[in-house]
Amino acid sequence: MDTALKIAVSGKGGVGKTTVAALLCRALVESDRSVIALDADPDANLAAAIGIPFDDGIVALASMQELIQERTGATSGTVGTFFKINPHVADLPEKLWQEKGGIRLLKMGTVKQGGSGCICPASAVVKAMMQHLVLYRNEAVVMDMEAGIEHLGRATAQAVNHLLVVVEPGMRSIETAHAIRALAGDLGLTRISLIANKIRGKADEDFINAHADGLAILARLPFDDNFMQADRQRLAAWELCPEALAAMRAACARLVPPDMG
Ligand SMILES: Nc1ncnc2c1ncn2[C@@H]1O[C@H](COP(=O)(O)OP(=O)(O)O)[C@@H](O)[C@H]1O
Ligand SMILES: [Mg+2]
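In this report, the structure presented in the accompanying data block is examined. For clarity, every value in this text was computed on a predicted model and none was experimentally measured. Starting from 1, residues in each chain are numbered consecutively following that chain's sequence as written. The naming scheme follows written order: chains are lettered A onward, ligands numbered 1 onward. At least 70 in pLDDT is required for a residue's local features to be given in this predicted model, at least 80 for side-chain atom pairs to be given and counted, and no such filter applies to totals for whole chains, interfaces and linings, which use all residues.

Within the protein one finds ten helices and eight strands. Using C-alpha atoms as the atom set, the radius of gyration is obtained and then compared with a globule rule of 2.2 Å times the number of residues to the power 0.38. What you see for the protein is a C-alpha radius of gyration of 18 Å, in line with the 18 Å of a compact globule of 261 residues. Among the 261 residues that make up the protein, the fraction classed as buried is 44%. We call two residues in contact when the distance between their C-beta atoms, placed using the backbone, is within 7 Å. Look at the contacts in the protein between residues 6 or more apart in sequence, and 75% of them connect residues 24 or more apart. Secondary structure counts use DSSP, requiring at least four H or I residues in a row for a helix and at least two E residues in a row for a strand, with both numbered from the N terminus. Between the buried cut of 20 or more and the exposed cut of 12 or fewer other C-beta atoms within 10 Å of a residue's own C-beta lies the partly exposed class, and all C-beta atoms are placed from the backbone.

What follows deals with unusual backbone geometry. Non-glycine residue Asp-32 carries a positive phi angle of around 65°. For Lys-198, which is not glycine, the phi torsion reads 60° and is therefore positive. Within the element layout of this structure, Lys-198 appears in strand 7 (residues 192–199).

The next thing to look at is the site of ligand 1. As a structural note, the neighbourhood of ligand 1 is formed by 17 residues, with Gly-16, Lys-17, Thr-18, Thr-19 and Phe-227 the closest of them. Looking at the shell around ligand 1, the elements that each hand over two or more residues are helix 1 (17–30), strand 7 and helix 9 (226–232). Side-chain classes are defined by residue name, with Ala, Val, Leu, Ile, Met, Phe, Trp, Tyr, Cys and Pro counting as nonpolar, Asp, Glu, Lys and Arg as charged, and the others, Gly among them, as polar. Here the residues of the shell around ligand 1 sort into six nonpolar, seven polar and four charged. Each residue gets a C-beta atom placed from its backbone. Should that atom fall within 6 Å of a molecule or strand, the residue is termed near it.

Glancing now at the packing of helix 3 (residues 65–72) against helix 5 (residues 121–136). Helix axes are fitted to C-alpha atoms over the stretch in contact, other axes to C-alpha atoms as well, and angles between N-to-C directions run from 0 to 180 degrees. With their axes 9 Å apart at the nearest point, helix 3 and helix 5 run at an angle of 80° to one another. If you check the angle between helix 3 and helix 5, you find them roughly perpendicular. Contact with helix 3, carried on its side by Ile-68, Arg-71 and Thr-72, involves Pro-121, Ala-122, Ala-124 and Val-125 of helix 5 and no other residues of that element. Grouping the amino acids of the contact of helix 3 with helix 5 by side-chain chemistry returns five nonpolar, one polar and one charged. For classification purposes, angles smaller than 35 degrees are called roughly parallel, those larger than 145 roughly antiparallel, those between 65 and 115 roughly perpendicular, and all remaining angles oblique.

Along the chain, Ile-199 falls in strand 7. Taking the C-alpha atoms as reference, Ile-199 lies 30 Å from Ser-34; in sequence the two are 165 residues apart. If we ignore the near neighbours within four places in the chain, the residues touching Ile-199 are Pro-169, Asp-204, Glu-205, Arg-220, Leu-221, Pro-222 and Phe-223.

Considering soluble globular proteins, one finds that nonpolar side chains tend to be buried as a cluster. As used throughout, a nonpolar core is a set of buried Ala, Val, Leu, Ile, Met, Phe, Trp, Tyr and Cys residues joined through C-beta atoms within 7 Å of each other. By size, the foremost hydrophobic cluster in this structure holds 85 residues, and its most contacted members are Leu-24, Ala-37, Leu-38, Ile-50 and Val-142. For this core, the element with the most residues is helix 5, which contributes nine residues. In contact with Leu-24, not counting residues within four places along its chain, are Ile-7, Val-142, Met-248 and Cys-252.

Turning our eyes to something else, we now look at the packing of helix 1 against helix 10 (residues 242–253). When two helices pack together, their arrangement is given by the angle between their axes and by how far apart the axes lie. Closest axis-to-axis distance for the helix 1/helix 10 pair is 9 Å, and the angle between their directions is 65°. Read as a crossing pair, helix 1 and helix 10 show a hand that is right-handed. Contact residues: helix 1 offers Leu-23, Leu-24, Arg-26, Ala-27, Leu-28 and Glu-30, while helix 10 offers Ala-244, Leu-245, Met-248, Arg-249 and Cys-252. Grouping the constituent residues of the contact of helix 1 with helix 10 by class yields eight nonpolar, no polar and three charged. Put simply, a crossing is left-handed when the front helix is turned counterclockwise from the back one by less than a right angle, and right-handed when it is turned clockwise.

A few words on helix 7 (residues 171–187). Taking 1.5 Å of rise per residue, 17 residues should cover 24 Å, and helix 7 covers 25 Å from first to last C-alpha, within 8% of that figure. Every buried residue of helix 7 is listed here: Ser-173, Ile-174, Thr-176, Ala-177, Ile-180 and Ala-184. Summarising the axial view, the buried residues of helix 7 lie within an arc of 150°, below the 170-degree limit, and thus occupy one face. The outward face of helix 7, more than 90 degrees from its buried face, is lined by the exposed residues Met-171, Arg-172, Ala-182, Gly-185 and Asp-186. As for helix 7, its buried residues are in contact with strand 1 (6–11), strand 6 (162–167), strand 7 and helix 8 (202–211). Following helix 7 by one or two positions, Gly-188 has its phi on the positive side, about 85°. In this analysis, the expected span of each helix is defined as 1.5 Å times one less than the number of residues it contains. Directions drawn from the helix axis to the C-beta atoms are what define this arc.

Take a look at the structure:
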């Protein structure tokens with residue numbers, strides 16, 4: 001393998017990662033790809049952004065205590081006991097995903113970290129799942145992440161073929177983007193580009209261009225109040241924002257898997 005797109009979306013909180021991930025999933029489905037949307041942000045709301053209006057019923061993988069115990073041989077949260085750090089997960093995606101409009105959503109949930117390098121049974125299962133999805137599945141995978149990408153294991157990071165860092169026209173999110181770029185380099189994740197979001201005009205575009213510092217800008221998405229409107233009406237992010245979706249479709253066409261160019 002592997003010619004499937006494996007895309008991680010990162011960036012500072014509030015810049016529009018979840019919105020971008022949702023638009024991307026939609027654009028990929030429209031181009032006839034099988035898509036897995038992976039919500040890897042503890043502050044999870046990708047389900048709502050793809051139009052699953054009441055996602056309270058979706059249990060995150062990290063909270064499935066019985067499953068975690070079964071797969072690792074230990075109870076979630078256990079400290080100081082032995083458990084499998086490479087649990088079997090290959091059978092889980094189709095059992096756990098929730099499908100909406102052709103997008104298959106998997107929610108990872110929050111994993112308590114007990115310090116750097118620490119691994120607990122729940123995080124072992126989450127890590128194994130993320131690694132499995134990027135290394136061994138044929139679907140396109142879109143990962144909605146938090147700003148940090150350091151919890152991506154090295155094998156997972158290297159299988160990600162595009163890291164998209166969302167920025168808005170302000171210095172703080174751009175500084176975060178450059179910090180993420182440095183981390184990505186350390187992990188061996190080399191294809192990285194920016195999504196310039198919340199663009200209200202040429203000045204916004206110019207500001208991001210001026211501070212991109214060599215990072216390619218894959219797409220520019222307009223500021224659109226209808227994103228909030230869609231949220232209020234419990235609609236998918238693309239439903240009321242055709243302009244942003246069109247920009248994402250064009251970006252998608254440029255996202256080729258690595259061995260195809
Ligand atoms: N292009 C945009 N125009 C207007 N509002 C946007 C845009 N992108 C995102 N938003 C809004 O900004 C807020 C944060 O977006 P979200 O995607 O949840 O960010 P993140 O996942 O990075 O925290 C949401 O209310 C969302 O509707
Ligand atoms: Mg988010």
